[in-house]
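Breakdown of the fold
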Amino acid sequence: SQQGEEDPQALSIQEGENATMNCSYKTSINNLQWYRQNSGRGLVHLILIRSNEREKHSGRLRVTLDTSKKSSSLLITASRAADTASYFCATDFYSMDTGRRALTFGSGTRLQVQP
Amino acid sequence: EAQVTQNPRYLITVTGKKLTVTCSQNMNHEYMSWYRQDPGLGLRQIYYSMNVEVTDKGDVPEGYKVSRKEKRNFPLILESPSPNQTSLYFCASSSGSGTDTQYFGPGTRLTVL
């Protein structure tokens, strides 16, 4: 499968600093998505970037996509304590054998923002 | 409010005792799926459904069943739970295919003793 893998696994920063998380994947994609998960709760969609896009912004979030390197990054600027959460990238997957379309998730980056 | 709901939120049970986790969405979404989340493994899809009466296996379907008799509901059934099914379970839905933005429920933490 083309599971996305996040790097680093854990990140601790001070409030006000920027946080950068990276995601690498294995095969071609149509889109890549980033989700956020507060401890033990459901994932919340943050942003979707399509394969023909290179950069996308949403508030303090900036996502880049480099399809030649099969990688994406999520930048959170001017972080806040409330940004403390786990962040997951998800890539779309299509099986020609079964016709199944799904998202495959990495194991996430745990971000801790110290007040 | 647009949402995906799951019940129960927490469940402790014993090996072999059949259980059902319910999932309901009020967004008229066609696509619904179940994931389990385990430490270090991310989210893995168990089953999915493209529409009413259309269900299929995900990555880890063994030991689970699902049904989709109505568009809004997608229950997950564990006929004979085992300790290796102890996990955090999420239901999700989307308006398009399984590769579109997914809306997740709050999760069900299941412990099988």
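Quick note: structure is the one above.
Just so you know, these numbers come straight off a predicted model, no measurement behind them. (Residues numbered from 1 in each chain as written. Chains lettered and ligands numbered in written order. Predicted model: local features only at pLDDT ≥ 70, side-chain atom pairs only at ≥ 80, totals over all residues. Heavy atoms only, no water.)

1. Side note on the overall build of chain A
To keep things clear, this is the line we draw: Working definition: helices are DSSP H or I runs of at least four residues, strands are E runs of at least two. Numbering for both runs from the N terminus. Values of the radius of gyration come from C-alpha atoms, whereas the globule rule sets the reference at 2.2 Å times the count of residues to the power 0.38. Burial classes: relative accessible area under 20% of the type maximum marks a residue as buried, over 50% as exposed, and values in between as partly exposed (1.4 Å probe, protein chains only). Residues count as neighbours in contact if any of their non-hydrogen atoms are within 4.5 Å of one another. Residue burial considers only the protein chains on display, and all accessible areas are found by Shrake-Rupley using a 1.4 Å probe. Charged residues are defined narrowly, with Lys and Arg counted positive, Asp and Glu counted negative, and His plus the chain ends left uncounted. Every charge is mapped to an atom, namely NZ of Lys, CZ of Arg, CG of Asp or CD of Glu.
Of the regular secondary structure elements, chain A holds zero helices and 11 strands. In chain A, the succession of helices and strands from N to C terminus is β-β-β-β-β-β-β-β-β-β-β. Compactness check: chain A gives a C-alpha radius of gyration of 14 Å against a globular reference of 13 Å for 115 residues, within 12% of the reference. Overall, the C-alpha framework of chain A stretches about 50 × 30 × 20 Å when taken along its three principal axes. For chain A, with 115 residues in total, the buried portion stands at 44%. Intrachain contacts of chain A at a sequence separation of at least 6 include 56% that bridge at least 24 residues. On chain A, roughly 5,700 Å² of surface is accessible, and the fraction owed to carbon and sulfur atoms is 43%. The distance from the centre of the 14 positive side-chain charges to the centre of the 11 negative ones in chain A is 4 Å.

2. Some points on the sheet that holds strand 3 (residues 19-25) of chain B
Residues and elements named next belong to chain B. The criterion, for reference: Note: two strands are recorded as paired if DSSP finds a minimum of 2 bridges between them.
Strand order across the open sheet formed by four strands is 1-3-8-7, with antiparallel pairing between neighbours. The open sheet has two edge strands with one neighbour each: strand 1 (4-7) and strand 7 (65-66). One ladder, built from four bridges, connects strand 1 with strand 3; its direction is antiparallel. The residue bridging Gln6 from the neighbouring strand is Cys23, located in strand 3.

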